[in-house]
Amino acid sequence: MARGPELAGELVRLRPFVDSDAERAWELLQDPEGLRLTGTTASFTREQIAAWVRDVPERPGRYDWAVTSGVRRDGELVSDEMLGEIVLNDLDDDALSANLRLNMLPNYRGRGYGREAIHLVLGHAFAADGLGLHRVSLDVLDINPRAQMLYESIGFTVEGRLREVYRDGDRWTDAIVMSILEHEWETDGDAA
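What counts and what doesn't
Residues numbered from 1 in each chain as written. Predicted model: local features only at pLDDT ≥ 70, side-chain atom pairs only at ≥ 80, totals over all residues. Heavy atoms only, no water. Phe/Tyr/Trp six-rings, centres within 6.5 Å; stacked < 30°, edge-to-face > 60°. Helix = DSSP H or I, 4+ residues; strand = E, 2+ residues; numbered from the N terminus. Buried < 20%, exposed > 50% of the residue type's maximum accessible area, 1.4 Å probe, protein only. Lys NZ or Arg CZ within 6 Å of the ring centre and 35° of its normal. Polar contact = N/O pair within 3.5 Å; in protein donor to acceptor, adjacent residues only side chain to side chain. Contact = heavy atoms within 4.5 Å. Salt bridge = Lys/Arg side-chain N within 4 Å of Asp/Glu carboxyl O. Expected span 1.5 Å × (residues − 1). Pairing = 2+ DSSP bridges. Axes fitted to C-alpha atoms, helices over the stretch in contact; angles between N-to-C directions.

A. Looking closely at the packing of aromatic side chains. Taken as a whole and judged by the stated rule, the model has 5 aromatic pairs. Ring centres of Phe 17 and Trp 52 lie 5.2 Å apart, and the angle between their planes is 75°; this geometry places the pair in the edge-to-face category. Placement of Phe 17 in the loop between β2 (12-16) and α1 (22-28) and of Trp 52 in helix α3 (residues 46-55) is noted, with a sequence separation of 35 residues between them. For the pair shown, Phe 17 and Trp 52 are each scored as buried. Ring geometry for Tyr 63 against Trp 65: centres 5.9 Å apart, planes inclined by 15°, an arrangement best described as stacked. The class of Tyr 63 is buried, set by a relative accessible area of 13%. Residue classification places Trp 65 among the buried positions, given a relative accessible area of 0%. Just above the ring of Trp 172 sits the side chain of Arg 167; from NZ or CZ to the centre is 4.6 Å.

B. Quick look at the environment of Leu 141. Following the sequence through the fold, Leu 141 ends up in strand β8 (residues 135-141). Once the C-alpha coordinates of Leu 141 and Ala 175 are considered, the two residues, 34 residues apart in sequence, prove to be 4.4 Å apart.

C. Looking closely at unusual backbone geometry. Backbone geometry places Asp 90, a non-glycine residue, at a positive phi of 55°. The topology assignment puts Asp 90 in strand β6 (residues 82-92). Notably, Leu 96 is not glycine yet its phi reads approximately 50°, a positive angle. For Leu 96, the position within the fold is in the loop between β6 and β7 (97-104).

D. The arrangement of the side chain of Glu 85 in detail. With respect to the helices and strands, the residue Glu 85 is situated in strand β6. On the accessibility criterion, Glu 85 (10% relative accessible area) is buried. For Glu 85, the side chain forms a polar contact with the side chain of Arg 101, separated by 3.2 Å. Not counting chain neighbours up to four residues away, the residues in contact with Glu 85 comprise Phe 17, Leu 28, Trp 52, Trp 65, Val 67, Arg 101, Leu 102 and Asn 103.

E. Layout of the pattern of salt bridges. One pass over the structure, following the stated rule, counts 17 salt bridges. Glu 23 is the partner of Arg 46 in a salt bridge, and the nearest nitrogen-oxygen pair spans 2.7 Å. Here Arg 46 is found in helix α3, whereas its partner Glu 23 is found in helix α1, with 23 residues between them in sequence. Residue Glu 85 is joined to Arg 101 by a salt bridge in which the shortest nitrogen-to-oxygen separation is 3.2 Å.

F. Representation of helix α4 (residues 113-126) within the structure. Helix length check: α4 (14 residues) gives 20 Å between terminal C-alpha atoms against 20 Å at 1.5 Å per residue, within 8%. With 12 of 14 residues buried, α4 is to be regarded as a mostly interior element. All of the buried residues in α4 are Tyr 113, Gly 114, Glu 116, Ala 117, Ile 118, His 119, Leu 120, Val 121, Leu 122, His 124, Ala 125 and Phe 126.

G. Quick peek at the sheet that holds strand β10 (residues 171-181). Pairing within the open sheet is mixed, and its 8 strands lie in the order β1-β2-β3-β6-β7-β8-β10-β9. Either end of the sheet is taken by a strand with one partner, and the two such strands are β1 (7-8) and β9 (157-168). Alignment of β7 against β8, held across 3 bridges, turns out to be parallel. Counted as the bridge partner of Ala 98 is Val 136 from β8. Its contacts with the sheet place α4 against β1, β2, β3 (63-69), β6, β7, β8 and β10, and it is angled at close to 55° to β2. This element, helix α5 (residues 145-154), spans β7, β8, β9 and β10 of the sheet and lies at about 10° to β10.

Structure below.
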């Protein structure tokens, strides 16, 4: 799979990962709240993260973007520093479907960056001159109602629940399965 295209909005710019993103990717995986809300339980070394950042743009069945600032001053980007990541993975060329995943660094959550990143990725995913997908799905942990509300406001529909599928400390938590279809995006999702 080739690198995904750069996608630009008002708040964010999405670009393929570059080697210099390794440190910020490491920070993302050191955030206890982010790990908890995404159900991430694996641990990684800095070397593993650097190798992942280097190799992920060429991995089949997925597109990974670093979320960066889209703000420009005098026509130049203010910063190229990674604020988070957004991923379309589990691409299925026969079913024209993919899975969406988003994770933002703590200082950039709840500020509109994730919402715009999702809009940009869905626009590319459903566009005939983009990926031409029919369906994009995701799962969100039931301990993360803020994310579920965000996804619903964009047009994702709850499809079901995977009971006690992730650990949350000493407890189990459910995953809520959601999706958005191409015609739902054309009708509802295009208005930010």
